Amino acid sequence: VLPKLETIMAHLQTLATHDHLTGALNRNTLLERLDGELQRSKRTGHTFTVALIGVDRLPEIMEIHGQDVTKQILQVLTKESIQVLRTLDSFGRIGATEFAIVMPTTWLDQSRVAIRRIKESLQAFPWHEISDDLQVTFCTGLTPNAPGDLADKVLLRAQDALQKARHNGPDSLVQVDAEIPDYDPNQA
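Residues numbered from 1 in each chain as written. Predicted model: local features only at pLDDT ≥ 70, side-chain atom pairs only at ≥ 80, totals over all residues. Heavy atoms only, no water.

Caption draft 1: A look at the nonpolar core. Counting residues in each nonpolar core, the largest one holds 26 residues, and the members touching the most others are Ile73, Leu77, Ile101, Ile115 and Ile118. For this core, the secondary-structure elements that each account for two or more residues are strand E1 (49-55), helix H3 (58-65), helix H4 (67-84), strand E3 (98-103), helix H5 (108-124) and strand E4 (138-144). Excluding its chain neighbours within four sequence positions, the residues that come into contact with Ile73 are Val55, Leu58, Ile61, Trp127, Leu134 and Val136. Leu30, Val50, Ala151 and Val154 belong to the second largest nonpolar core, which has 21 residues in total. (Core = buried A, V, L, I, M, F, W, Y, C linked by side-chain atoms within 4.5 Å. Buried < 20%, exposed > 50% of the residue type's maximum accessible area, 1.4 Å probe, protein only. Helix = DSSP H or I, 4+ residues; strand = E, 2+ residues; numbered from the N terminus. Contact = heavy atoms within 4.5 Å.)

Caption draft 2: Representation of the pairing of strand E2 (residues 90-93) in the model. Of the two faces of E2, the one lined by Ser90 and Gly92 and the one lined by Phe91 and Arg93 are each fully buried. Judged from the four bridges that link them, E2 and E3 form a sheet pairing that is antiparallel. Each residue of the ladder has a partner; that of Arg93, found in E3, is Phe99. Remark: four residues form the turn of the hairpin made by E2 and E3, two consecutive strands paired antiparallel. (Pairing = 2+ DSSP bridges.)

Caption draft 3: Inspection of the environment of Asp19 at higher detail. Along the chain, Asp19 turns up in the loop between helix H1 (2-17) and helix H2 (27-44). Separated by 73 residues in the primary sequence, Asp19 and Gly92 place their C-alpha atoms 7.9 Å from one another. Contacts of Asp19, omitting those with residues within four sequence positions, involve Ala24, Leu25, Asn26 and Arg93. At 3.1 Å, the side chain of Asp19 forms a polar contact with the side chain of Arg93. (Polar contact = N/O pair within 3.5 Å; in protein donor to acceptor, adjacent residues only side chain to side chain.)

Caption draft 4: Spatial organisation of the sheet that holds E2. A sheet is described by the order of its strands in space; here five strands give the open sequence E2-E3-E1-E4-E5, paired in mixed fashion. In this open sheet, the two strands that pair with only one neighbour each are E2 and strand E5 (173-175). Across this sheet, the average inter-strand angle for adjacent strands is 15 degrees, counted without regard to direction. Lying over the sheet, H2 contacts E1, E2 and E3, oriented at roughly 145 degrees with respect to E2. Docked against the sheet, H4 engages E1, E2, E3 and E4, running at close to 170 degrees with respect to E2. (Axes fitted to C-alpha atoms, helices over the stretch in contact; angles between N-to-C directions.)

Caption draft 5: Representation of the packing of H4 against H5 within the structure. Between H4 and H5, whose axes approach to 9 Å, the crossing angle comes to 130 degrees. Classed by the angle they form, the pair H4 and H5 counts as oblique. Our pair here, H4 against H5, has a crossing hand that is right-handed. Counting all contacts with H4, which are made through Val76, Leu77, Glu80, Ser81 and Val84, the residues of H5 involved are Ala114, Arg117, Ile118, Ser121 and Leu122. Residues of the contact of H4 with H5, tallied by class, amount to six nonpolar, two polar and two charged. (Parallel < 35°, antiparallel > 145°, perpendicular 65-115°, else oblique. Left-handed = near helix turned anticlockwise from the far one by under 90°. Nonpolar A, V, L, I, M, F, W, Y, C, P; charged D, E, K, R; others polar.)

Caption draft 6: Focus on the pattern of salt bridges. Taken as a whole, this structure holds eight salt bridges when the rule is applied. With its nearest N and O atoms 3.0 Å apart, the salt bridge here joins Glu98 to Arg166. Of the two residues, Glu98 sits in strand E3 while Arg166 sits in helix H6 (residues 151-168), which places them 68 residues apart along the sequence. The exposure class assigned to Glu98 is buried, which follows from its relative accessible area of 14%. According to the relative accessible area criterion, Arg166 is partly exposed, its value standing at 32%. Note that Arg116 and Glu120 form a salt bridge whose closest N and O atoms lie 3.8 Å from each other. Residue Arg116 and its partner Glu120 are both found in helix H5; the two are separated by four residues, about one turn of the helix. Arg116 sits in the partly exposed class, given a relative accessible area of 47%. For Glu120, a relative accessible area of 44% translates into the label partly exposed. (Salt bridge = Lys/Arg side-chain N within 4 Å of Asp/Glu carboxyl O.)

Have a look at this one:
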């Protein structure tokens, strides 16, 4: 009975922390990871990056190829991303068509390398096995953390960057730098 109960408890824990469709972290768990990274950055001074990615033309793809293909796209994106990212990175689904990545101790240029690897992995994926004439791309919004940031502020900056990238067209990447507050020696 005990091994079966442990298996059930592990399954319940996974359901509580992961998106049921993709297996990526769910929004709440990703926000917890982001908060944790903000706290670590406050203690250590290490910079980190948050990336928001949104699948290009997903409503159009769903209309042409159907809901099952759309689900498979989200699952493949998750699987390929997790394989390419470092184990200390957190990859989660935060919206119907959007994912976020928290990349600890990562500068913007390093996060661009990670995003490029994901893009290359998706480009090499045999999409034709899922549906003819299917190619999947995504736009990316990147932002670093800044002193005094809260999770919502970081996500808003990343969302702003993602919207700008989508405005630039499919497969675009835009970074929005954090505003670093001016140093005031009287407050030190």
